[in-house]
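Chain by chain, the residues run as shown.
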Amino acid sequence: MSIPSKNKKVVLYLPVATRGEVLAEEGPKTEQIPPLSLLAIAGPLLRKGYEVKIIDGRIEEDYTEKVLKECGNALCLGMSCMFGFQVYNGSVVSQRVKESLPDLPVVWGGWFPTISPELVIKENFADVAVRNQGEETFLEVLKAFEQGSSLDNILGITYRREGGIISTPDRPFIDINKLPPMPYHLVDMETYIRSDPYPRPRYLLSTAKGIQLPDCEVRVLWYQSSWGCPEDCTFCSSPLVSRRRWSGLDAEEVCDEIKGLVDQYKFNFIHFCDNLFFVDRDRVGDICEGILKRHLNIRWGATGHARLISRLDNNFLDLMERSGCYAVFMGIESAHRDTLNILHKRLKPEDVVKSVELLVNHNIAPILSYIVGIPGESAESVEETLEQCRYLKMRYSNRIEVQIQFYCPFPGASLHKEALKLGYEDPKTVLEWNQRTTSRPVFKYLKNSQIKKITRYRDVYFRWAFDILREKSKLNLAQKILHNSALIRIKYRMWVLPVEFWSYYLVRRSIQSIFKLLTRDKYNLKARNSIST
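Analysis parameters
- Residues numbered from 1 in each chain as written.
- Predicted model: local features only at pLDDT ≥ 70, side-chain atom pairs only at ≥ 80, totals over all residues.
- Heavy atoms only, no water.
- Helix = DSSP H or I, 4+ residues; strand = E, 2+ residues; numbered from the N terminus.
- Buried < 20%, exposed > 50% of the residue type's maximum accessible area, 1.4 Å probe, protein only.
- Contact = heavy atoms within 4.5 Å.
- Areas by Shrake-Rupley, 256 points an atom, 1.4 Å probe, with all protein chains shown as cover.
- Pairing = 2+ DSSP bridges.
- Axes fitted to C-alpha atoms, helices over the stretch in contact; angles between N-to-C directions.

Colleague: Is there a simple way to explain the overall build of the protein chain in this structure?
Modeller: When you go through the protein chain residue by residue, the secondary structure sums to 19 helices and 15 strands. Scored against the burial criterion, the 533 residues of the protein chain give a buried share of 55%. Pairs at least 24 apart in sequence give 75% of the contacts found in the protein chain among residues at least 6 apart. Carbon and sulfur atoms make up 52% of the accessible area of the protein chain, which totals about 24500 Å².

In structure tokens, the structure reads:
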């Protein structure tokens, strides 16, 4: 990294995020959101004359080979990584690049390198880890690579020097209004147009009173209007990543940019993927007014906090509804006061019920996320959380969505220390992070009987009572029986011995096995006949 370089080309790679997106080197074919983290980094680079090539592992076929090809004449390879499988995939691609191009600097940024920068450097998957906001930091790193100069005076990085690992002081928080807009032209936006925005708005809109689906194709844009989060949730790494700071783009700039994107790409749904969209109530109101003033005729969804939503008045909610708001995602986490205090949620259980009622009454679908298995959580707390989920789903059915996840300890979150005290062990290497998930318990705080009940509650009863109606346009007789059985079980809290579901899955698996056997025998017979002739 001390040799000057004349190259101005920078390759940015976004690793595959989930195990299910990988089909060897064929690449995933699922709908994805644009690589916003890479686009944010690319803006300042373009302004300074760099050539930027973005490769998205989630959608590209043979993404590793494409990375290697583009890096052949590049100044640097940059990656953005969150947690879980994305870290694993990023490390695999980094290894391949380092084997083929040992002199090419590799830089990682994003949440994981911010939380565990020493691990990234120690495992030798990156030469530099960029911490926190990376737009200005990465630009300075590139200048150092060009000039062959020292990295010592660059704020917000961790790197290897003379056999040791060096971390420079943090870079001060940056107001995102000072940064250039995202250069969407660097990617093929048609590739990222989703036909169904999260969370399944066709079903949510069709069950909400007074809302009509657009007659045209649903085309969704995921848009980031702010950075950071002021909350202090103990289960989340955001307080370390954003240092509880928040910066939102000016409402006029947001609306002007959205109008330009809508005009160019014909989007009719916008999902604001901010960590917390409703931090500044006045800004949200101005965005709603701006959408109406520009006659955008779009639907939009965003992230909110039940405490903030419960304080909105009817006039403000009317404005949200008129501007096209169809859904608000809220991290509830728990229905128990003591657990909410452990999580520093600054939320009361009654705030949740009130916020849901307010949103539904204005034809806005609440999407609620809960976490179970938190260190210090009592059995009573788990039961109260499940009961609140049951109550809200029985009352509002599919006009709301409820998600239940298991707690996963992440470094950087203050609750992570409590998990370590209770026996949890962090992954020892970057590659081990591919096992970390919230769909199943990786931190065994709950009893097996609790895990079984929660999983059955979420994956069997909730699915058959509510989710099955949006998964299938028409139910057969067996599915109708199971649907009604799940509703009865949820209504009367009958959680044990789901024999009807066991029987259904047993028969279905048996039929599938017989079909595979018959198909295989038919294929073998055809092959033998072909050989004999």
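Colleague: Teacher, can you tell me more about the environment of L422 here?
Modeller: Take L422: it is sitting in the loop between α16 (414-421) and α17 (448-471). C-alpha of L422 to C-alpha of K444: the two residues are 22 residues apart in sequence and 9.3 Å apart in space. Excluding residues that lie within four positions of it along the chain, L422 makes contacts with P375, F443 and Y445.

Colleague: Help me understand the sheet that holds strand β13 (residues 325-333) in this model?
Modeller: Pairing between sheet strands relies on hydrogen bonds along the backbone, with the strands arranged either parallel or antiparallel. Pairing is parallel in the open sheet, where six strands are placed in the order β8-β11-β12-β13-β14-β15. Two strands bound the open sheet, and with one partner strand each, they are β8 (220-223) and β15 (401-406). For this sheet, the mean angle separating the axes of adjacent strands, direction not counted, is 15°. Bridging between β8 and strand β11 (residues 269-272) involves four bridges; their strand directions are parallel. Within the sheet, the bridge partner assigned to Y223 lies in β11 and is F272. Strands β12 (299-304) and β13 of the sheet are contacted by helix α12 (residues 314-323), whose axis makes an angle of about 125° with β13.

Colleague: Just checking my understanding: could you explain the sheet that holds strand β6 (residues 157-161) for this structure?
Modeller: Here we have seven strands laid out as an open sheet, ordered β2-β1-β3-β4-β5-β6-β7, and mixed in their pairing. Two strands close off the open sheet at either side, each with one partner strand: β2 (51-56) and β7 (164-167). Across the sheet, the mean angle separating the axes of adjacent strands is 20° when strand polarity is ignored. For strand β3 (residues 76-80) and strand β4 (residues 106-109), the ladder comprises four bridges, and the chain directions are parallel. If you follow S80 over to β4, its bridge partner there is G109. Seen against the sheet, helix α1 (residues 36-47) touches β1 (9-14), β2 and β3 and runs at an angle of roughly 170° to β1.

Colleague: Quick question: what am I supposed to make of the pairing of β1 here?
Modeller: Residues in a regular strand point their side chains to alternate faces of the sheet. Burial runs high along β1: six of the six residues are buried. Judged by which residues are buried, β1 turns out to be covered on both faces: K9, V11 and Y13 on one side and V10, L12 and L14 on the other are all buried. As judged from the six bridges shared by β1 and β2, these two strands associate in the parallel manner. Note on β2: the bridge partner recorded for V11 is K53. For β1 and β3, the ladder comprises four bridges, and the chain directions are parallel. Of the residues in β3, the one forming a bridge with V11 is L77.

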